[in-house]
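One-letter residues, chain by chain:
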Amino acid sequence: MTALPAPSSAVPALPGVPVVAHWPRATVLSLLGAVAGGLAVVETLWPAASAHSAPAVLSAASLAIGVLVVRHAKRLDRESAAPWRAFAVLAALLTLGEAIAAVRGAGVNAVTAGPQDVALVAAVPFALLGCARLIRSAAVGIGARVALDAAVALIALSALAEMVIGTALGRTADSVDDLMTRGYPAAGVVLCTVGLVTFAGVGQARRAAAGWLLACFASVAVVTVSGAIAVAGPSIVTDVVSGTAWLAMLAFGTLAIAADPGRSTDPDELPEVPLLGVVIGYCAAFGVVLLLLVGRIAGRSILPVEAAAAALLLLLTFARTLVWAADGARLTRQVLRTEAYFRTLVHSAADIAIVLDHRGRITWDSTAGHHPHGWTARDLEGRQLVEFVHADDRADLVAALAAGGDPGQGRGRVFRLRGKDGTWRPYETVRVVPSRTLDALPSAAPGALDAAGLVLHLRDVDSRRHSERELERMAYTDYLTGLPNRARLMAALAGARSRAAEGEVSCVLLLDLDGFKAVNDIAGHEAGDLLLTEVADRLRTSVRDRDLVGRLGGDEFAVLVRADLDEATALAERIIVELAGVHRSVPTPGADPDLVFDVSCSIGVTELNPADEVAVAIRNADLALRAAKAAGKGRVRRHGETADSVTVRRTRLARDLPDALSRGELRLVYQPVVGVAERRVLGLEALVRWDHPVLGEVSPEEFVPLAEDDGLIVPLQRWVLEQATAELAGLVRQGRDLRMGVNISVRHLQSGSLVPDVAAALARAGLPAQRLMLEVTESLFIGQPDRADGDLQTLHDMGCVISLDDFGRGYSTFAYLARLPVDVLKMDREFLAGIADDARSAALVHSVIELGKRLSIDVVAEGVETPGQLAALRDLGCQYLQGFLLGRPTSPAELPAVIDSFDPDLLDVDSRQAPSAVGVPGTA
């Protein structure tokens, strides 16, 4: 809270206006006053000596002021310095004129014309130029209205000068010297007119400088009128008046320089309306007419030229009145249109704007009549804002208003305002700024309002808090069922875990609907949404008030139960009964109106352990839920009590598989493929094994699907390709003629990297492509026919052998055999189960072998485990065999011995003597 600052000699800084350097104007004015006093003494006591000395003194003073003008112009920008450069030339011409008068001894008032008059007359255009430049720096510029004001002032001052000089001289001009008596005052009149127009037309920032400049031109007029009178009747008085007025002219010029801050660069500065010019013009015109009438009443006759001037003044004043009326109408329309825009803007704004005057009274409220507070504009305007503020919050209001000069400090203050119905609503100050449209008025009351009015921007906190609560609700609520969503449920579980550390027992129920997928597939997702909504409603009614039901996503729900495991299990059983047989008619457009679905749920239950993270509790509940689903629909299972061992094993394998390769737990074994005609080992099939440090050896049937689900199959098969091709290359270099078969996953083909991976493995091992056989399943052709056609054809063109593995287990679509690049068929082991004693099985195998012969495709029988199977296959013409009877999967170290020691007599078993079955355990 500060009062207005006291005036100082320094020019105040304005927004967007350059700060002017401090002028030593007190020193300059003191020197000019001393010079004026001394010059008056010299002219009075020694008039003869003053004929040379007085003009010399005036010339020196004019030169000094000209130097100050030049220095001032250098401190301003180019546009702001333009008027003062013209005035500097003016000062130089005045200096020259007085210097010539000093040399000639013409004195201050020359009674005859001479060279000094040329310089003085030439200075007038530069004065006009400087004023024009000064006006042009304002917002309005020189236009028709300013020209009318100038014409009125010029004619009025000319008529006034004519009356004064005509009365003083009493005669007309008939010589050059007499013309000086009319010319110099006319120049003074012109300068005064230009000074008046300049003062009226400049902006507020340069108004003070223009005022001192007008005083300077008035002093020039005194000099010219005094000089004109001196021509008719020289006297010491006119010399003293002229010299003093000349120095006064320089003093006023100094004050004009000191007061000029330069051209304003503030983009928010409001344009000046040239009202002052109208006032000055009207006063001058009517003043001259009034003087003529007074003189006529006093007995002075009105000259024709004076009557013409008066008539012209009235005509120009009438024209200016019409222009001003047109301007007023235009400005009124603009104001009304702008006010309409403004009211539309502020009424649609979320914030409330209140304008206060310098005494803290409400002058305008943007929401008056349109806000829940109920007050109208008539109720508010003219009343103190503090009257509507709660007594406990008035200190916050005072603090906000006190920070009006710093909007950032006033932000965030909250106080309550009284509504018309007597209720209190909280509001927060968004911004408190000084009003640019209110004048600073003095006030005895302390505070920031002493300096100017304020604009107070408020925001309804109730509305914001309602919006925040709604956003929070949306962030933690499932949009479909209205239940708490996963984020809200996880936060509640974290809180329950913290309370469990203090002794409060809680459990988690994880629910999954059985049969829900059929609802979406058959009746559509709209029916599924309706079913989920009904399930949510039934869950709300089934649980207790202290329990929390949430939807995790899809058809999965969770319940936080504040009870022990037995009570939570009982609640789960009750939910099972409640949801059992939920029949939902599906009112879906286009669906069967009698269509109903039988939906149940399975539930996994676990207790919250304060030592475990929330994610661990969710995972334990999920394991129990899987065990419940594995046991059948509509079951409840607890974690750690009846959890399915297969689920636990699968979970352990899925967790350890990503690091198995880096830990060296994976290895390859190789099973021989024997040629019946060649009676030796022709090829090998690479089989991957996992030596788990806890679970022991894990077969590929267990972990390969896990690798496919978790996205690990591609790096796994790259490793298999590199290991198998490297092992085969070593065997080939030792002189063994072999091929290597490697199983290919459909996910590897889908990744698009199979072809480059195979090429890289072959190149790294230095192995011909013809020695690599890629074994694919029929599901690959069903799921990715385009990819199978393209990539497998590319591999076949490279020279790789393409084998169709497990032929007969799946779709067995014969159309693929005619279209795809298949070189080998591997019959599934199920084909061989009854081949030795079942004629139908033997006929089926024989048809496959004959099909291969007709299509030029080699047929391999895998899973040969008994001599009876071997004999039957040999008799049916199968040329390639693989199975435990001929060779088990072997490690790379033992593989050369197994290949070299193969006994071909195994192939000579007699079908009539061979037993139908030999119990050989294990699988390939």
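Refer to the structure above for everything that follows.
Residues numbered from 1 in each chain as written. Predicted model: local features only at pLDDT ≥ 70, side-chain atom pairs only at ≥ 80, totals over all residues. Heavy atoms only, no water.

Enquirer: Is there a simple way to explain the overall build of the protein chain in this structure?
Expert: Across its full length, the protein chain carries 30 helices and 20 strands. Considering the protein chain as a whole, with its 924 residues, one finds that 46% of them fall into the buried category. Long-range pairs, those at least 24 residues apart, make up 69% of the contacts in the protein chain between residues at least 6 apart in sequence. Summed over all atoms, the accessible surface of the protein chain reaches about 44200 Å², with 59% contributed by carbon and sulfur. (Helix = DSSP H or I, 4+ residues; strand = E, 2+ residues; numbered from the N terminus. Buried < 20%, exposed > 50% of the residue type's maximum accessible area, 1.4 Å probe, protein only. Contact = heavy atoms within 4.5 Å. Areas by Shrake-Rupley, 256 points an atom, 1.4 Å probe, with all protein chains shown as cover.)

Enquirer: Even after reading the chapter, I still don't get the side chain of H390, so can you show me in this structure?
Expert: Structurally, the position occupied by H390 is in the loop between α11 (377-380) and α12 (394-402). A polar atom in the side chain of H390 sits 3.1 Å from the backbone nitrogen of D392. Sequence-distant contacts of H390, that is, excluding residues within four places in its chain, are made with R416 and W424. (Polar contact = N/O pair within 3.5 Å; in protein donor to acceptor, adjacent residues only side chain to side chain.)

Enquirer: Would you mind showing me how to read the pattern of salt bridges here?
Expert: Oppositely charged side chains are able to pair whenever their charged atoms sit close together. One pass over the full model with this rule turns up 31 salt bridges. With a closest N to O distance of 3.4 Å, R499 and E504 form a salt bridge. For R499, a relative accessible area of 26% translates into the label partly exposed. For E504, a relative accessible area of 31% gives the class partly exposed. It is possible to trace a salt-bridge network through shared partners that takes in R544, R546, D547 and E567. (Salt bridge = Lys/Arg side-chain N within 4 Å of Asp/Glu carboxyl O.)

Enquirer: Hey, could you run me through a nonpolar patch on the surface in this one?
Expert: Together, V41, L45 and W46 give the surface a local cluster of nonpolar side chains, amounting to about 320 Å² of exposed area. Secondary-structure assignment places W46 in the loop between α1 (25-45) and α2 (47-75). (Patch = residues over 30% accessible without salt bridge, like charges linked within 9 Å, V, L, I, M, F, W, Y side chains within 5 Å.)

Enquirer: Explain the packing of helix α17 (residues 525-542) against helix α18 (residues 565-579) here, please?
Expert: Helix packing for two helices is described by the angle between their axes and how far apart those axes are. For the pair α17 and α18, the least separation of the axes is 10 Å and the interaxial angle reads 140°. Regarding the angle of α17 to α18, the classification is oblique. Seen along the crossing, α17 lies across α18 with a hand that is right-handed. Only L571, R574, I575, E578 and L579 of α18 make contact with α17, whose side of the interface consists of V535, R538, L539 and S542. In the contact of α17 with α18, the residues fall into five nonpolar, one polar and three charged. (Axes fitted to C-alpha atoms, helices over the stretch in contact; angles between N-to-C directions. Parallel < 35°, antiparallel > 145°, perpendicular 65-115°, else oblique. Left-handed = near helix turned anticlockwise from the far one by under 90°. Nonpolar A, V, L, I, M, F, W, Y, C, P; charged D, E, K, R; others polar.)

Enquirer: Would you mind showing me how to read the packing of aromatic side chains here?
Expert: Both the distance between ring centres and the angle between the ring planes are used here to describe each pair of aromatic rings. Within this structure, the stated rule accounts for two aromatic pairs. Aromatic pair W690 and F703: ring centres 5.8 Å apart, planes at 85°, arrangement edge-to-face. In this pair, W690 is assigned in strand β13 (residues 680-692) and F703 in helix α21 (residues 700-709), connecting sequence segments 13 residues apart. Classification of F703 by relative accessible area gives buried; the value is 0%. (Phe/Tyr/Trp six-rings, centres within 6.5 Å; stacked < 30°, edge-to-face > 60°.)

Enquirer: I tried to follow α12 on my own but got confused; where do I start?
Expert: In an α-helix there are 3.6 residues to a turn, and that puts residues three or four apart on one side. Looking at α12, one finds that the buried residues are L397, A400 and L401. The buried residues of α12 all sit within an arc of 95° when viewed along its axis, so they share a single face. (Arc of directions from axis to C-beta.)

Enquirer: What should I look at first to understand the pairing of strand β1 (residues 352-356) in this one?
Expert: Sheet faces and side chains relate simply in a regular strand, where the side chains alternate between the two faces. With five of five residues buried, β1 lies mostly within the body of the structure. Side-chain alternation along β1 places I352, I354 and L356 on one buried face and A353 and V355 on a second face that is also buried. The sheet contact formed by β1 and strand β5 (residues 454-460) spans five bridges and is antiparallel. Looking across to β5, one finds that I354 is bridged to L456. In this structure, β1 lies alongside strand β2 (residues 362-365), joined through three bridges in antiparallel fashion. (Pairing = 2+ DSSP bridges.)

Enquirer: It is not clear to me how unusual backbone geometry should be interpreted in this structure. Could you clarify?
Expert: Excluding glycine, most residues fall at negative phi; most peptide bonds, likewise, are trans. At R679, a position not held by glycine, the phi torsion is positive, near 60°. With respect to the helices, strands and loops of the structure, R679 is situated in the loop between β12 (666-675) and β13. In this structure R679 comes out as partly exposed when scored by relative accessible area, which is 32%.

Enquirer: Explain the side chain of Q869 to me, please; I cannot follow it from the model alone.
Expert: Relative to the helices and strands, Q869 is located in helix α29 (residues 867-876). Q869 sits in the buried class, given a relative accessible area of 10%. The residues contacting Q869, other than those within four sequence positions of it, are L832, A833, I835, A836, G863 and V864.

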